[in-house]
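Remarks on the overall topology
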2 protein chains.
Amino acid sequence: MVASEVRALFAVASRPEIVSLAGGMPDVSALPMDAVAQTMSELVLQRGPVALQYGGAQGDPGLRERICGVMAMEGIDASPDNVVVTVGSQQALDLVARIFLDPADVVLTEAPTYVTALNVFAAHQAQVVHVPMDDDGLDPQALSETLTRLAAAGRTVKMLYTVPTFQNPAGVTLAGERRGLVVQACRRAGVLVVEDNPYGLLGFDGEPMRALRADAPDDVVYLGSFPKTLAPGLRVGWALAPPAVKDRLVLAAESAMLSHSVFAQLAVDRYLATQPWPEQLKVFRELYRERRDAMLSALAAEMPEDASWTRPAGGFFVWLRLPEGIDTRAMLPRAMLPRAVAARVAYVPGRGFYADGQGRNELRLSYCFPSPARITQGVAPRRDPAPGAGTAGDVRPRPGRPG
Amino acid sequence: MVASEVRALFAVASRPEIVSLAGGMPDVSALPMDAVAQTMSELVLQRGPVALQYGGAQGDPGLRERICGVMAMEGIDASPDNVVVTVGSQQALDLVARIFLDPADVVLTEAPTYVTALNVFAAHQAQVVHVPMDDDGLDPQALSETLTRLAAAGRTVKMLYTVPTFQNPAGVTLAGERRGLVVQACRRAGVLVVEDNPYGLLGFDGEPMRALRADAPDDVVYLGSFPKTLAPGLRVGWALAPPAVKDRLVLAAESAMLSHSVFAQLAVDRYLATQPWPEQLKVFRELYRERRDAMLSALAAEMPEDASWTRPAGGFFVWLRLPEGIDTRAMLPRAMLPRAVAARVAYVPGRGFYADGQGRNELRLSYCFPSPARITQGVAPRRDPAPGAGTAGDVRPRPGRPG
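Here's a quick rundown of the structure. Being a predicted model, the structure only gives us computed values, none of them experimental.

Analysis parameters
Every chain's residues receive numbers from 1 upward, in the order its sequence appears when written. Chain labels run from A onward and ligand labels from 1 onward, assigned in the order the entries are written. Totals for whole chains, interfaces and linings use all residues, but because this is a predicted model, local features are given only for residues with pLDDT of at least 70 and pairs of side-chain atoms are given and counted only at 80 or more. Numbering goes from the N terminus for both helices and strands, where a helix is a DSSP run of H or I of at least four residues and a strand is a run of E of at least two. By this rule, a helix spans an expected 1.5 Å times one less than how many residues it contains. Three exposure classes are used, all based on how many other C-beta atoms lie within 10 Å of a residue's own C-beta (placed from the backbone): buried at 20 or more, exposed at 12 or fewer, and partly exposed between those limits. We call two residues in contact if the C-beta atoms placed from their backbones are at most 7 Å apart. By definition, two strands form a pair when at least two bridges between them are found by DSSP. Seen with the strands pointing away from the viewer, any crossover whose path from the first strand over the helix to the second strand runs clockwise is right-handed. Axes, fitted as lines to C-alpha atoms, cover a helix only where it is in contact. Angles between the N-to-C directions of the axes lie from 0 to 180 degrees. When the copies are overlaid, the least-squares fit takes in C-alpha atoms only where the residue has pLDDT of at least 70 in both copies.

1. Considering helix 10 (residues 277-302) of chain A
Residues and elements named next belong to chain A. Here helix 10 contains 26 residues, and its C-alpha end-to-end distance of 37 Å stays within 8% of the 38 Å for a straight helix at 1.5 Å per residue. Among all positions of helix 10, only F284, Y288, R291, R292, A294 and M295 are buried. On its buried side, helix 10 packs onto strand 12 (317-321), strand 15 (362-366) and helix 12 (372-379).

2. Looking at the pairing of strand 4 (residues 127-131) of chain A
Residue and element names in this part refer to chain A. In the sheet, strand 3 (residues 106-110) pairs with strand 4 via five bridges, with the strands oriented parallel. Counterpart to T109 in the pairing with strand 4 is H130. Handedness of the strand 3-helix 5 (residues 115-123)-strand 4 crossover: right-handed.

3. Remarks on the sheet that holds strand 8 (residues 192-196) of chain A
Residues and elements named next belong to chain A. Sheet architecture is open: seven strands sit in the order 2-10-9-8-7-3-4, paired in mixed fashion. The open sheet terminates on both sides in strands that have one partner only, identified here as strand 2 (83-87) and strand 4. Direction aside, the axes of adjacent strands within the sheet are offset by 25° on average. This element, helix 4 (residues 88-100), spans strand 2, strand 7 (157-162), strand 8, strand 9 (220-225) and strand 10 (236-240) of the sheet and lies at about 115° to strand 2.

4. Notes on the relation of the copies chain A and chain B
Take chain A, turn it by 180°, move it 0.0 Å along the axis, and it overlays chain B with an RMSD of 0.0 Å. The symmetry that links the two subunits is that of a two-fold axis. Comparing contact sets, 98% of the residues at the interface of chain A also lie at the interface in chain B, consistent with an isologous, same-surface contact.

5. Let's talk about the pairing of strand 2 of chain A
Each regular strand carries side chains that alternate between the two faces of the sheet. Residues and elements named next belong to chain A. With five of its five residues buried, strand 2 lies for the most part within the structure. Across five bridges, strand 2 lies against strand 10 in antiparallel orientation. The residue bridging V87 from the neighbouring strand is V236, located in strand 10.

6. Observations regarding the sheet that holds strand 11 (residues 308-309) of chain A
Residue and element names in this part refer to chain A. Strand order across the open sheet formed by four strands is 11-12-15-14, with antiparallel pairing between neighbours. Both edges of this open sheet fall to strand 11 and strand 14 (348-349), since each of them pairs with a single strand only. Judged from the five bridges that link them, strand 12 and strand 15 form a sheet pairing that is antiparallel. Counterpart to V318 in the pairing with strand 15 is L365.

7. Some thoughts on the interface of chain A and chain B
Taken residue by residue, the interface counts 50 residues in chain A and 50 residues in chain B. The biggest single contributor to the side of chain A that touches chain B is helix 2 (residues 33-51) of chain A, with 10 residues.

8. Some details on helix 12 of chain A
Residues and elements named next belong to chain A. Most of helix 12 sits inside the fold, with six of its eight residues counted as buried. Where helix 12 is concerned, the buried positions are R374, I375, T376, Q377, G378 and V379. Against the buried residues of helix 12 lie strand 1 (19-20), helix 10 and strand 13 (345-346).

Encoded structure:
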């Protein structure tokens, strides 16, 4: 989908009569606004001259230390010296691409993969080669074969970009026993692993998965962020990188923006220091688990036998495959205005998540933002709206991170 | 100066016994912290679910409209549709460079010019060619000759990067009668003008200068920002560009960061809407005027006859030329530890502001942050510190925007 189509899609999706299963926005209304307001206010009154001033390009040292504590929840043992604070993990990915990618370099990704990562790689004139994925995530055997094939063809593969946990868009998670194999295959081929992990702390069962980075500090650049676990509106993300890469990231960050907002950084740091953030994570997990359940139930009740879909154990997304022959893009968004009135649902068609034209009969369904009742209504759009439905918070002028 | 030297310089400059005339940080302690805190708090309580959510890549529409009002103070008539909000004007410059520059392209700049702009152009492998400047700013005749010479040599000149008003680092302003000539010369040569204007509203005399962009909407990309007129810690800047360029900037911004912090954008918007910001600008102007006066008086009293310096009518900086044969870099920063104890002053040596090795006997003096008494002490470092001096606010772990 080209940008204008995406904009048209989200413009339609923001109409109140439409259930939007399109955007990937976290439900920030679940935050305790009083506590957030107090955090901001105290930060200005107590540390205003620092919070409102310029900061260093690497990011606030106190926040970087706190970030190391967050990553420890996924088994990562890291030094604040190797963390670089960025404008969301999006900027971290862009800076990594800027450092490593030359035109015609190959980037490996899952199939499907995060839309805006494809934009970044295209902007740097790299070529994306997909590696097959199943319900246990990336297939290590297929990864090894792809690396061998590309090496034989004389191609330069610079990195594997992967969202191993609760993937966007497919909602699948790389199985524990595959994690070491994926890293080993890349290490043997001299290929950097870029682990993008925005949803890792939003699992519905048990403890967080162990990050790829936890067991491979020299092979992995880890990208983390607070938009899904706190609030996107502060745009605080980070990269954790081996020291030589980190040094280049700091220089790239300085050239790209001088420094991130010190206020936003210190607000995140203070919120985590003074508020019960682990409890907040539980609130988010329960909220999204309930919505995931509503979506899986509705899909089981409504979808034809030859449709299939993923069953996410965390995160925001279900990936749906409709029968061959159906074009999920043709239904949206140009044709959406007349059809939407009948269908009353918006989603993101599948092809945009691939670099090679796959995904024609596939689509991404987001359950992160609408209420369970609205989700049910959206998946079964022919029913009359339930009384009281239709006021859920999925009405936004334009959601970010649509991919 | 390489990055490690700059870091060493600022590490030394942050010691309390040193008067730092090095960093270009605005004195944000002059802001009414109560009002800032209240603005932040109300924003969360009244618009939390929007302020803490993702936003669009172009920036908040309300803020973009308000930015047009700010630019109107410099004679610019613009539509919010053509404004793109960025992480300071630094990111705007980086995105412009990303869109326009190919390796070996030429960028014209004043001599000297803003250090971190040189970093951006180097990151995009462009070559900087300096155009001479005098006390009335860029010399239009020299600009035309340079354009002719480069065209004859078959070079591709993509843009003129200029800080026409209260320039960083030289403190000079492009005279009104030269402004049209500079734009015309670039228009004739098909060269884009990038007008970087962080200090334009911080003039000490009369009304703001008319921006280059005011009379040349199709030829100029204008970069503006709030760090110097409100607070750097929110990192809100913008580009105003002709529509076709604007479209490409929005796509580049989306790829680079998805969107800037909505919270930071709405905080700026709300502060300007609810607080007496024009009065705040007056406070800043008086503050910096007093410090400029202290620096010019001290220079007149202390400098030898064969030194010369600029007399800024606004902004943050004085440019000082010492007699030939003096190497301002050799005094700093490697040799600074022993010397600093004697000299008790830090500044930025001149060579880093040129791409071609000029500036050996020159240096930049910033008067924006220390108190007048500290400035006097710094320029005449051999005197004993005045009683009570030494506690001015120039002690910071690492100032941003050092260039």
